[in-house]
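Coordinates in review
Residue strings, one per chain:
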Amino acid sequence: LPPARAAWPEQGRDRARVPAAEHVAAGGEDWNPWEAEERDEQAAARRRHEALRLRLRNAAPGAAPERLRVQVWGKAAVGLYLWQHIFEGLLEPADVTAQWREGSQTTGKMHFSFITGPSVVPGYFSVGAEHVVLVLNGREEAKVAHATQWLLYAQTLIQTRRIRHVAVVLLGNEQCHNEWIQPYLKRNGGFVSLLFVTYDYPLTNKEDIFQWPLGVATYRNFPVVEPSWAMLHNPRTYLCNFLGTVYKNSSRETLLEVLKQDGLDKLCWIAAREQWQPQETNESFRNYQDALLQSDLTLCPVGINTECYRIYEACSYASVPVVEDVMTPGDCGNSSVYHSAPLQLLKTTGAPFIFIKDWKELPSLLEEEKKKSLQEKIQRRRKLVEWYRNFKAWMRQKFINALENAFLPSDKG
């Protein structure tokens, strides 16, 4: 297969927060004058990866043997949320535009290695473990086609006994139209042992199909944020914020009308636009982060799906999400399991958010917010930060436990 020249981060549905220089334009079949240089860089990246693999294999002989080595192939940016935010893992090089990035981590009796970047293409990198987690984007038709190529590659490795087990972390379709991946699941005669999928997918069963958090917009380089004393204790300038796209005839229009009618927009950081933009500037990204840091509440109206990056990004800065608690069109949540949909995963873990059914309730909510003392707000921030830390740790352990249960039994002969 030819080396890939296309950028791998998925397209979003809301704010774009990465400078244009950090995006790679999708490549076509036209002549590429830098192809030789790209090929050399990819070859060098593969050599570095092979050297790392040999170092790990030849690690101190007295060290305890690993029960399970798992290689994660990050081919969707939701994989960065898994590795950097949930696993708190590092990647080298730190340069987000690098063709190849990798990291490794030992957790209990499991050893994880993570590889990502445009140079990670089927057949052009070393497969360093018998157990693989493949991170894919299935949001739209073009992404599904790319994801299918990766699944077929993994299937070939299974058939040739180069790998033994495969799990998939899937950025699912925002309307939960994920039927395309069903034939690949082991339960349906395929080879994928586990599926971790975003949004309230009705087929989750806590056995081999698990709900996975959408997380922050890592494809726009939203950072891992360490809560500081000032973040938790300082007074904040604004009652609330909303920076984003306002779609015609949406509840977001209602939200802005409510704020303007009551003059509450003067108490909140509001920056609305009519059209979603795939790229923005460093300045707009800083403004967005400042808005989260300087607001007590972050307003989270629904987009195509109720779950959005904004919810998790607000948690990162201890700004309480005010979430519009309504179902969006599509097949999400159409199951008896999801009787309290949407946001089943967040609700069942006790997320300390404010849920609202109609934005017309917002004025009274903000009036109550004005009455809260700084001490009350500090306690609420601490609670939010603690919940989010525990949530990520819980998701990490849930992920590890599922891999052990699915991958280890066949190792016992």
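Reference entry: report on the structure contained in this document. Small disclaimer: the values here were computed from a predicted structure and weren't measured. Just so you know, the residues in each chain are numbered from 1, in the order the chain's sequence is written. Owing to the predicted nature of the model, reporting of local features is limited to residues with pLDDT of at least 70; listing and counting of side-chain atom pairs is limited to 80 or more, with chain, interface and lining totals taken over all residues. Hydrogens and water molecules were not included; the side-chain quantities draw on all heavy atoms of the structure.

What about the overall build of the protein?
In plain terms, the rule: Think of it this way: any DSSP run of H or I at least four residues long counts as a helix, any run of E at least two long counts as a strand, and we number them from the N terminus. Each residue's exposure class comes from its accessible area (1.4 Å probe, protein chains only) as a fraction of the maximum for that residue type: buried when under 20%, exposed when over 50%, partly exposed otherwise. Areas reported as accessible are Shrake-Rupley estimates using a 1.4 Å probe. Residue values count occlusion only from the protein chains shown.
Each helix and strand in the protein was counted, giving 10 helices and 12 strands. Here the protein holds 413 residues, and 53% of them are scored as buried. Only carbon and sulfur atoms are counted for the fraction: they give 51% of the accessible area of the protein, which is about 18,800 Å².

Side note on the sheet that holds strand β6 (residues 192-198)
Heads up, the condition is: In this scheme, strands are said to pair when DSSP sees at least two bridges between them. Interaxial angles span 0 to 180 degrees and are taken between N-to-C directions of axes, which are lines fitted to C-alpha atoms, for helices over the stretch in contact.
Ordered by their spatial adjacency, seven strands build an open sheet running β2-β3-β1-β4-β5-β6-β7, and the pairing between neighbours is mixed. Looking at the sheet topology across the chains shown, the edges are occupied by β2 (101-107) and β7 (209-212). Averaged over all adjacent pairs, the angle separating strand axes in this sheet is 20 degrees, with direction ignored. As judged from the four bridges shared by β6 and β7, these two strands associate in the parallel manner. When the sheet's bridge partners are listed, F196 is paired in β7 with F210.

Considering the pattern of salt bridges
For clarity, the threshold we go by: Salt-bridge detection follows one rule: a side-chain nitrogen of Lys or Arg within 4 Å of a carboxyl oxygen of Asp or Glu.
Evaluation of the coordinates by the stated rule reveals 10 salt bridges. Note that R164 is salt-bridged to E130, the shortest N-O span being 3.7 Å. Of this pair, R164 sits in the loop between α3 (141-159) and β5 (165-171) while E130 sits in the loop between β3 (110-116) and β4 (131-137); the two residues are 34 residues apart in sequence, bridging distant segments of the chain. Salt bridges here are not isolated pairs; linked through shared partners, they connect D296, K377 and R381.

Description of the side chain of T328
We apply this condition: The term polar contact refers here to a pair of N or O atoms within 3.5 Å; inside protein, the definition further demands a hydrogen-donor-capable atom paired with an acceptor-capable atom, and it admits residues adjacent in sequence only when both atoms are side-chain atoms. Residue contacts follow a heavy-atom distance rule, with two residues in contact if any of their heavy atoms lie within 4.5 Å.
Topologically, T328 is positioned in the loop between β11 (320-324) and α8 (344-348). Owing to a relative accessible area of 9%, T328 belongs among the buried residues under this scheme. Polar side-chain contacts of T328 include one of 3.3 Å to the backbone oxygen of I304. Apart from residues lying up to four places away in sequence, T328 is in contact with V302, G303, I304, N305 and T306.

Description of the nonpolar core
As a reminder, the rule being used: Residues belong to a common nonpolar core when they are buried Ala, Val, Leu, Ile, Met, Phe, Trp, Tyr or Cys residues joined through side-chain atoms within 4.5 Å. As annotated, the domain borders come from an automatic or database domain assignment.
Membership of the largest hydrophobic core comes to 117 residues, with the highest contact counts inside it found for W73, F112, L151, V168, L362, F399 and L403. The element contributing the most residues to this core is helix α10 (residues 374-407), with 11 residues. Both domains that meet at this core, namely domain 1 (66-198) and domain 2 (220-388), each give it at least three residues. Other than its neighbours up to four places away in sequence, L403 contacts L68, V70, M110, F112, V133, A167, L194 and L408.

Points about the sheet that holds strand β10 (residues 295-300)
With parallel pairing, the five strands of this open sheet are ordered in space as β9-β8-β10-β11-β12. Each edge of the open sheet is held by one strand with a lone partner, namely β9 (268-273) and β12 (354-356). Put simply, the sheet's adjacent strands are angled 20 degrees from each other on average, direction ignored. When β11 meets β12, the two strands line up parallel, connected through three bridges. From the neighbouring strand, V323 faces β12, where its bridge partner is F355. In this fold helix α5 (residues 251-261) packs onto β8 (238-245), β9, β10 and β11, with an angle of close to 145 degrees to the strand it touches most, β8.

Observations regarding the state of the cysteines
Short version of the rule: The disulfide criterion used throughout: a pair of cysteine sulfur atoms within 2.5 Å.
Counted according to the given criterion, the structure contains two disulfides. Through a disulfide, C176 is tied to C332; the S-S separation comes to 2.0 Å. Between C176 and C332 the sulfur-sulfur dihedral comes to about 100 degrees; the bridge is accordingly right-handed. In this pair, C176 sits in the loop between β5 and β6 while C332 sits in the loop between β11 and α8, placing the two residues 156 residues apart along the sequence. Disulfide pairing is shown between C240 and C268; the S-S distance is 2.0 Å. Sign of the S-S torsion, about 100 degrees for the bond between C240 and C268, identifies this disulfide as right-handed. Taken together, the residues span a long stretch of sequence, with C240 in strand β8 and C268 in strand β9 at a distance of 28 residues. Taken individually, C240 and C268 each receive the classification buried, so the pair is uniform in this respect.

Take it as geometry only, folks, not as evidence of what the structure does.
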